[in-house]
Amino acid sequence: MKLVKLFVLLLLANVTTKAQPSVTSFNQLINRLPVPENDLNITQLRWLPKSHDFWLVERQGIYICNADDVSKKTLVVTTAQLASAGLTTPVENMVWSSSRDKVLLYSNSSKVWRVKSKGDYWYLDIKTGQCKQLGKSLPSSSLQFAKFSADNKLVAYVSKHNLYTEDLATGKITPLTNDGNEQVINGTFDWVYEEELTVRDGFSWSPDGKAIAFWHTNAAATKKHLMINNTDSLYPFIMPVEYPKAGEKPSAVKIGVINLATQKTQWMSIPGEADNNYIPRMSWAGTNQLMAVQLNRKQNEANFFICNTQTGQTKKIYSEKEEGGWIDQFNLTEWDAPWWTWIDNNQYFIRTAETDGWLHIYKVATDGSKVQLLTKGNYDANLLAVDQSAGDVYFEASPYDATQRYLYKVNMQKGDTVRVTPASFNGTNYYRFSPDAKYALHINGSVSRNYNFRLVQLPNHQKTYPALQDEFSKPDYPFNLEKFSVKTADGISMDGIMAKPADFDASKKYPVFFYVYGEPAAAVANDLPEFNEYIAQLVPKGYIGIALDNRGTPVMKGSAWRNAIYKKIGVVNSHDQAMAATEIIKWPFVDATRIAVHGWSGGGAMTLNLLFRYPHIYKTGVAVAAVTDQHFYDNIYTERYMGLPQDDPEAYKQSSPITFAKNLKGSLLYIHGTGDDNVHYKNAEQLINELVKEGKVFQLMVYPNRTHGIYEGPGTSEHLTATFLQFIDTYCPPGAR
């Protein structure tokens, strides 16, 4: 129920994930930043463990740099060396040994579900130059999550749902599990865990390298959604997708620890039904213990357990509960952020929680004896990094403007909170911290100026690279961006971003094109020098483009704002959008007869709800890949925000745009791909049936076998864009009048 990259703002996910503030949102940004000639492309830096060294892939080979002096780069291995060893495909990632003289090179990757998490791994000894492929007896491009043991003598990885170790000296491959198949999954996860809990890497070495902890998933009871491919062969064939829908139990998940000496597995005795709870995170808390968090089915209660890995016994040491809402699985920036950060030799961990109406940072004793609030005040604190040597906890916050983000720190001993981002960098600020939190890649931008990217030393925020002066010029767009706020008749203040034509004339009236999302997975009104791609094309033709964040979106306005949508997706969010639009159409330069709206996935559902529930406001709409009934979407996402359908069927009915399809009066273009394994094409056909039954004329564009992003195949993106723009131009004509 989330959106796609092509048509969303910066914080939204890439084309393969939907509308989450995903693990790739930072990468999406840096991949678009210009790199000065003759400078290192630090936007692509990747930090080495426990340091502020980083590595970069350049034409000559792979370099290591130290953030203290970026100019002193060291060539680790040349492209020619890799080619001579047989590695001819690009290096996509590197896994470093603790000694940093050995590395695993990841290449030839392919998708499992959303991302390319399986591929080939090559072992490189930097000192000797020896380079060889791992897992050669296993299928090509099938290895996942390879990592070194503590002594760097073994590598463990997953292939075809089973765990293996490989001896680097002898090349001997040892299977650690042998029951893996499409339904029994070891060391990685099923579709919905990856999609909605953002977990893919499902195993971890013990600190002493003598054991491996892993997730074991039994998806045998999970039903499959059947998609039909009508185009790739003479006869159609079925493509089954394992997909637990709302109301269906999740796959049974448990955690095991394999003793490498005995090859025996000890299962952790975490209480509760394995197929009626979730275990979204775990990590080692010492040589013989690990911590795991368990979520209940409704995801409003989290229990943290310390597990004895030798006996399997568990002890609950910490709990969180959210009344009238949910416990967020993610921080407000990145979906793969850790749930906690260990400090003081695992005696404490740092954790964010919403226990007092705001997202705050806590220091929790691992034995459960003490919980200390570190951030205090009526603001949200989003954890980013911890500098243990200095005792500083870094977080982002927006105390005065929820469309912006700034870096702050609080000292665990002193309790003082200090803004770290200099005052000159107004707008939105992103940071990618080094593991030791001494440096960060800093990116800044706002609606009134272009992006800056720079390497900064902390805590003084001193720029160390590149040497060029920071750029504070205005974005070079054929339209003007501005922020605004609108208060609805309900007293709800909503932030917005507006794009006006460069030749805007306030004495005339313009059509308005609303870009919407409005669900808990993403915000769209951010203080950034970017806008929705369609709006960017429409505004110069004579439209005003607007994006608004309603209640329920993950902005820094407190728990009450975010939880207002609980059990009311489609109700509260569409009401807020419509009430804001009611105020906007009163503006003297807005033509109330030409109001268009567009959204994708969850935003597609919002588009339908606005057209159907508020036809007196919205005259034209383009909905893409919409969730038309919450029953059809996956259980983890839907039940988190809506509860179980069997507990509250009326809430599900009221959330569905199908319930209100009879009210359509304006012009609707509906678009969907039949190969969408996320928001299934079933949603389209149910909507079509209802509109036909009610005698509602609308337009439909179906893309055979395209997934949720509708980008596969030659000409697809171009065709979709042309179809979209032609429809808007026809039914909501451009230009000032």
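Residues numbered from 1 in each chain as written. Predicted model: local features only at pLDDT ≥ 70, side-chain atom pairs only at ≥ 80, totals over all residues. Heavy atoms only, no water.

Draft legend 1. Local environment of helix H10 (residues 682-693). With 12 residues, H10 should cover 16 Å at 1.5 Å per step; its first-to-last C-alpha distance of 17 Å lies within 8% of that length. Buried within H10 we find Asn683, Ala684, Leu687, Ile688, Glu690 and Leu691. Viewed along the axis of H10, the buried residues span an arc of 165 degrees, placing them on a single side of the element. In H10, those exposed residues whose orientation departs by more than 90 degrees from the buried face are Asn689, Val692 and Lys693. The secondary structure elements touched by the buried residues of H10 are helix H7 (602-613), strand S42 (667-673) and strand S43 (699-703). Positive phi appears at Gly695, one or two residues downstream of H10, with a value of about 70 degrees. (Helix = DSSP H or I, 4+ residues; strand = E, 2+ residues; numbered from the N terminus. Expected span 1.5 Å × (residues − 1). Buried < 20%, exposed > 50% of the residue type's maximum accessible area, 1.4 Å probe, protein only. Arc of directions from axis to C-beta. Contact = heavy atoms within 4.5 Å.)

Draft legend 2. Looking closely at the sheet that holds strand S3 (residues 61-66). Pairing is antiparallel across the open sheet formed by four strands, whose spatial order is S1-S2-S3-S4. Bordering the open sheet on either side are strand S1 (46-47) and strand S4 (69-78), each of which pairs with just one other strand. Bridge count between S3 and S4: five bridges; the pairing is antiparallel. Residue pairing in the sheet places Gly61 in a bridge with Thr78 of S4. (Pairing = 2+ DSSP bridges.)

Draft legend 3. Structural detail: the environment of Leu720. Mapping Leu720 onto the fold places it in helix H11 (residues 716-731). Sequence-wise, Leu720 and Val702 are 18 residues apart; in three dimensions their C-alpha atoms are separated by 10.0 Å.

Draft legend 4. Local environment of the packing of helix H6 (residues 572-584) against H7. Across the interface, H6 lies against H7 with an axial gap of 10 Å and an inter-helix angle of 65 degrees. Judged by the twist between their axes, the crossing of H6 over H7 is right-handed. Two secondary-structure elements touch here, H6 through Asn573, Ser574, Gln577 and Ala578 and H7 through Met606, Asn609, Leu610 and Arg613. Here the contact of H6 with H7 is built from residues that sort into three nonpolar, four polar and one charged. (Axes fitted to C-alpha atoms, helices over the stretch in contact; angles between N-to-C directions. Left-handed = near helix turned anticlockwise from the far one by under 90°. Nonpolar A, V, L, I, M, F, W, Y, C, P; charged D, E, K, R; others polar.)

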